[in-house]
Amino acid sequence: MASPLQFAYRTQKVIGVTDADPVYEPLPGFVQPEGNLRCFVYSPCGRYLAWASNERVCIVDASVGYVLTNIAIPNVFEVAFSPRGSFFSTWERPAKDEAGDATKNLKIWRTVEDVPEGADKQYIGQFVQKSQTGWNLQYTSDEKLCARIVTNEVQFYNSNDFSTVWNKLRAEGVTDFAVAPGQGHDVAVFIPERKGQPAAVKVFNVPQFTTPISQKTFFKGDKVQLKWNSLGTSLIVLAQTDVDKSNKSYYGETTLYLLSANGSLDARITLDKDGPIHDVSWSPNGKEFGVIYGYMPAKTTIFNHRAVATHSFPIAPRNTIIFSPTGRYTLVAGFGNLAGQIDVYDLEKDYRKVCTIESGNPSVCQWSPDSRYIMTATTSPRLRVDNGVKLWHVGGGIMYHEDMVELYNVAWRPVLPENLPCGDPLHPIPTPHSSALAYLGTVKTPSKPVGAYRPPGARGMSTPLHFRREDEGGAAHVMTNGSQNIGPNGFGRQRRQVPGAEFLEAGSRTVPGAPPSEVPGANGEENLSKSALKNKKKRNNKKAKEAENKDGEKVAVGGLAPPIQDHRLNSGNEGRSPERRGQQYNNQQRHDRSRSRNNFQGNNQGRNRSNTQRNGQNAQATPFAPQILTSHPPAPDSLISPGSQNPASKKLRSLQKKIRAIEDLEMRHAGGEKLEDTQMKKIATKSSVVKELETLEKEGH
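Residues numbered from 1 in each chain as written. Predicted model: local features only at pLDDT ≥ 70, side-chain atom pairs only at ≥ 80, totals over all residues. Heavy atoms only, no water.

*Asks:* Before we move on, can you summarise the sheet that holds strand β29 (residues 329-333) with the specific residues and values?
*Replies:* Ordered by their spatial adjacency, 4 strands build an open sheet running β28-β29-β30-β31, and the pairing between neighbours is antiparallel. Each having just a single partner strand, β28 (320-323) and β31 (352-358) make up the two edges of the open sheet. When the angles between neighbouring strand axes are averaged without regard to direction, this sheet yields 20 degrees. Pairing of β29 with strand β30 (residues 341-346) involves 5 bridges; the strand directions are antiparallel. Across the sheet, the residue bridging to Thr-330 is Tyr-345, located in β30. (Pairing = 2+ DSSP bridges. Helix = DSSP H or I, 4+ residues; strand = E, 2+ residues; numbered from the N terminus. Axes fitted to C-alpha atoms, helices over the stretch in contact; angles between N-to-C directions.)

Right, here's the structure in full:
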C-alpha cells in the first residue's frame, strides 16, 4: 500500500494524484485523465476516488489507482459518496424531455457491485433536483437511511430501496435540514420567518416526527448554517439576515445559537465584541468549538459544549478557524481580503502558539489527516495567476511546492483514525522536498518594512493611539451609523480632539491671543438673502463705529497725559478738534493691535483711514515713538496667564497637560480597555505630577 498521505488536484487539462511525505511523487498506477473534466471527490472512508467528464464517471481505487467502475453518463457536474462509500450520487444539469417534463437528473448508484459482462451499470434511484445547492442526499452514519428535502417536507428513504418513501417529516415552509452524525438518528430542520412568525430550528428523533425534542425560535434569520458536532449531541445554528436594518454592515446581521439533541440546552451564544461572525467550527472531539467574531481586527474564542468561553486568542485580522483532525491543534487564519497569515496553536499545551505561516493569498486551506501538514492552494477562478499547491509542516516550515496552470480544486485523501501513524506531529521535523528549497530561493525579502504612508513631518514618530488598530493598542472600532462622537474613519476619537484637552465644539476654533469671534452662520445668516445680508452688514458696521467712538472718548478723558496731536500735512488731522485727533490716533493703535477684529466686524471706513494714516506716517518719520494711553497701567505677566511665555508658566501648562492625559488613560482603563505597559506606568506617576503642580502653583502665588 502506498503512503497514507495523498492528495488529488484538478487543473484545466488533467486530474492528478500525488503521494505526499516522504516521496512526493505521482501515484504510479493512476492514469491521469485529460479533456474537459468537471469534478473529482474522495469517499469519506478514503477508499475510492471518483471523477467526472462530459462523457463518463469513473471510480478509482485510491490506494493503487486502478479503475473499478466506468459509467457512461454525460453532462455530470457533481459527484458525492455516502459516509462509508457504499453509494455515490451524480447530478446532471437540469433538462426537459420531449414531453416538456423535467428529467430526473439526480441518480444514486452502488459503488461496487457485480455486473454481468457486457451489461451497463444501473442506478438504484433517481429524482428531479433543479438546484445545485444542497443537491445531494444526506445519510445517517450507518447508511441505513437517507433523506432529501422537497416542498414543505423532508422525505426519508431506505438506502437500499428508493422506490417508496420510508417516512416523512412534515414542516410548513422548511428550507434546510441536517442529519446528525453519530449513533443516534436525529435531524434538524430550519423554518424561516413567515407571516410575522419567528424563524425556528427544530430537532426531531427519526422517525418520531410528532414532537420535537429540542427547538429554538428567533427573529433575524433569513438563512442558517446547521453544524452538528461529530458525536451528534449538539447543534450550532449560525443565523444570518440578508439586510442589516441598523445599517452597520452590507452583509446582514449574524447571530449564533446552540442546541442540544436531548433538549437540555437551547440558548443564544453571547459574544463580547460587536460585529459580524466570520467563522465557527467544531473540534473533532465534539466537546468544544471556536468562533471568530467582531469588526476587524476580530476576536477568536474557544467555547465548551455548554457555550462557556474557555480561552480567547489575541485580537488579530482573522476570519477562518480550522481544527486539526486529531483535535490537538487549531489554525486561525485571515484569507480573502486579508494578508493570508496562519497562526497555529497547540490546544493541549495551554493554547501555546506554535508558529505563524505567511501563506500568501490562498483560497484553499486544509489539515492533513495526521495533523502534521497544512495544505494551502491558490485556485481559479478566484485568482488565475500564481496557482499551485504548498504543503507546510505544523511547525511552520514549507515542505513541498508545485506550480500549476489554472488549478481548480485540490483535496487530501481521507484516512481513518485507526490507520494513522502514532507519534508527535512536531517531532521529528521531516526533510523538505527539493521544490520547497527552490521556492524559498525565489521568495523576495522586502528591502524595507512595509507600513502605512507617513508624510515627511511625521516620520520617525510613533503612531498616535487613535490611529492604531485595536490589536496594536489603539481604540476599538465602533459603528455609529453617522453619529459624530467618533472620527470619520470609525475609529477612536475625533481628530480635532487632543488627548487630555477639553472638548472643542464644532466651529469654535480660535487663533491664540486673538479675541473671540462669532461663527459665520451662527445667527442664522445662511438663511438670509443677499440684500438682507448687506443691510445687516451696514448695521453692524454702524454699531461698531459708534462703539469705537465711545471707547476713544473714554480713553482720551481717562488718560493722565493729553493726547499727542499730529499737525503735519497729509496726516488727516487738519480741521479736526484735538479730541477727534486723539480719538483717531487711539483707533489706529487699536487697529494695529487687533487687525482680525476689525476685519471681522467689517468696518471698511475705519480700515481705510488707518491705512491712509499709516502711509502718511511712513512717508514722514516722527522724531519720537508715540505711547499708548490707557486708563490703567498694564498688568505684569502672570504665571497662570494663557499667553505667558516665561519658563514657569510653560512648565505649569506642561504639568496640566500631563494630568489631563493621565485622567484620560484612567477613564479608558476603567472602561475595560487594555492599556500598554508604558501607559500603565504613566498612570502610576500621577501622584508625583500632582505634587509638583501644587508646588509650582504655590510659588506662582
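*Asks:* Explain the pairing of β30 to me, using residue names and the numbers behind them.
*Replies:* By the criterion of burial, β30 is predominantly enclosed, with 5 of the 6 residues buried. As paired elements, β30 and β31 share 6 bridges and run antiparallel to each other. Looking across to β31, one finds that Gln-341 is bridged to Glu-358. Counting the residues in the hairpin turn of β30 and β31 gives 5 residues, including Asp-350, whose phi is positive at 60 degrees. (Buried < 20%, exposed > 50% of the residue type's maximum accessible area, 1.4 Å probe, protein only.)

*Asks:* Break down unusual backbone geometry for me, citing the residues and quoting the values.
*Replies:* The step from Val-206 to Pro-207 runs through a cis peptide bond, and the omega angle for that step is 5 degrees. Here Pro-207 is to be found in the loop between β18 (199-205) and β19 (214-218). The amide bond that connects His-427 to the next residue, Pro-428, takes the cis arrangement and shows omega of -5 degrees. Tracing the chain through its elements places Pro-428 in the loop between β36 (409-412) and α1 (434-442). At Glu-143, a position not held by glycine, the phi torsion is positive, near 65 degrees. Residue placement: Glu-143 occurs in the loop between β12 (138-139) and β13 (145-150). On the accessibility criterion, Glu-143 (7% relative accessible area) is buried. Its identity is not glycine, yet Lys-220 carries a phi of approximately 60 degrees, on the positive side. Locating Lys-220 in the fold gives a position in the loop between β19 and β20 (223-228).

*Asks:* Quick one: what's the story with the packing of aromatic side chains, residue by residue and with numbers?
*Replies:* Considering all chains together, one arrives at 19 aromatic pairs under this definition. Relative to Tyr-257, the ring of Phe-218 lies with its centre 4.6 Å away and its plane at 20 degrees, an arrangement referred to as stacked. Of this pair, Phe-218 sits in strand β19 while Tyr-257 sits in strand β22 (residues 254-260); the two residues are 39 residues apart in sequence, bridging distant segments of the chain. Judged by relative accessible area, Phe-218 falls into the buried class, the value being 5%. Judged by its relative accessible area of 5%, Tyr-257 falls in the buried class. Ring-pair connections join several aromatic residues into one group, and the members of that group are Tyr-48, Phe-81, Phe-88, Trp-109 and Tyr-123. Between the NZ or CZ atom of Arg-38 and the centre of the ring of Phe-77, over which it lies, the distance is 4.2 Å. In this structure, Lys-107 packs its charged tip against the face of Tyr-123, placed 5.8 Å from the ring centre. (Phe/Tyr/Trp six-rings, centres within 6.5 Å; stacked < 30°, edge-to-face > 60°. Lys NZ or Arg CZ within 6 Å of the ring centre and 35° of its normal.)

*Asks:* So what about a positive patch on the surface? Which residues, and what values?
*Replies:* Taken together, Lys-657, Lys-658, Arg-660 and Lys-682 make up a surface patch of like positive charges. Counting through the fold element by element, Lys-657 comes out in helix α6 (residues 647-670). (Patch = residues over 30% accessible without salt bridge, like charges linked within 9 Å, V, L, I, M, F, W, Y side chains within 5 Å. Areas by Shrake-Rupley, 256 points an atom, 1.4 Å probe, with all protein chains shown as cover. Salt bridge = Lys/Arg side-chain N within 4 Å of Asp/Glu carboxyl O. Lys, Arg positive; Asp, Glu negative; His and termini not counted. Charge placed at Lys NZ, Arg CZ, Asp CG, Glu CD.)

*Asks:* How would you summarise the environment of Trp-282 if you had to cite specific residues and measurements?
*Replies:* By the secondary structure assignment, Trp-282 is in strand β24 (residues 277-282). Note: C-alpha distance between Trp-282 and Phe-303 (21 residues apart in sequence) is 9.6 Å. In contact with Trp-282, other than residues within four places in its own chain, are Lys-227, Trp-228, Asn-229, Ser-234, Leu-235, Ile-236, Leu-258, Glu-288, Phe-289 and Phe-323. Within the structure, the side chain of Trp-282 is placed 3.0 Å from the backbone oxygen of Lys-227, a separation counted as a polar contact. (Contact = heavy atoms within 4.5 Å. Polar contact = N/O pair within 3.5 Å; in protein donor to acceptor, adjacent residues only side chain to side chain.)

*Asks:* Please give an account of the sheet that holds strand β21 (residues 234-240) that cites residues and values.
*Replies:* Across the sheet, which stays open at both edges, the 4 strands sit in the order β20-β21-β22-β23 with antiparallel pairing between neighbours. Among the strands making up the open sheet, the edge pair consists of β20 and β23 (266-268). Across the sheet, the mean angle separating the axes of adjacent strands is 20 degrees when strand polarity is ignored. In the sheet, β22 pairs with β23 via 3 bridges, with the strands oriented antiparallel. Bridge assignment links Leu-258 to a residue of β23, and that residue is Ala-267.

*Asks:* Quick rundown of the packing of α6 against helix α7 (residues 677-684)? Include the residues and the values.
*Replies:* Relative orientation of the contacting elements α6 and α7 amounts to 120 degrees, with a least axis distance of 9 Å. The angle between α6 and α7 falls in the class oblique. Relative to α7, α6 is oriented so that their crossing is left-handed. Packed against α6, whose contacting residues are Ala-661, Ile-662, Leu-665, Glu-666, Arg-668 and His-669, the element α7 presents Gln-679, Met-680, Lys-682 and Ile-683 at the interface. Class assignment of the residues belonging to the contact of α6 with α7 gives a composition of 5 nonpolar, 2 polar and 3 charged. (Parallel < 35°, antiparallel > 145°, perpendicular 65-115°, else oblique. Left-handed = near helix turned anticlockwise from the far one by under 90°. Nonpolar A, V, L, I, M, F, W, Y, C, P; charged D, E, K, R; others polar.)

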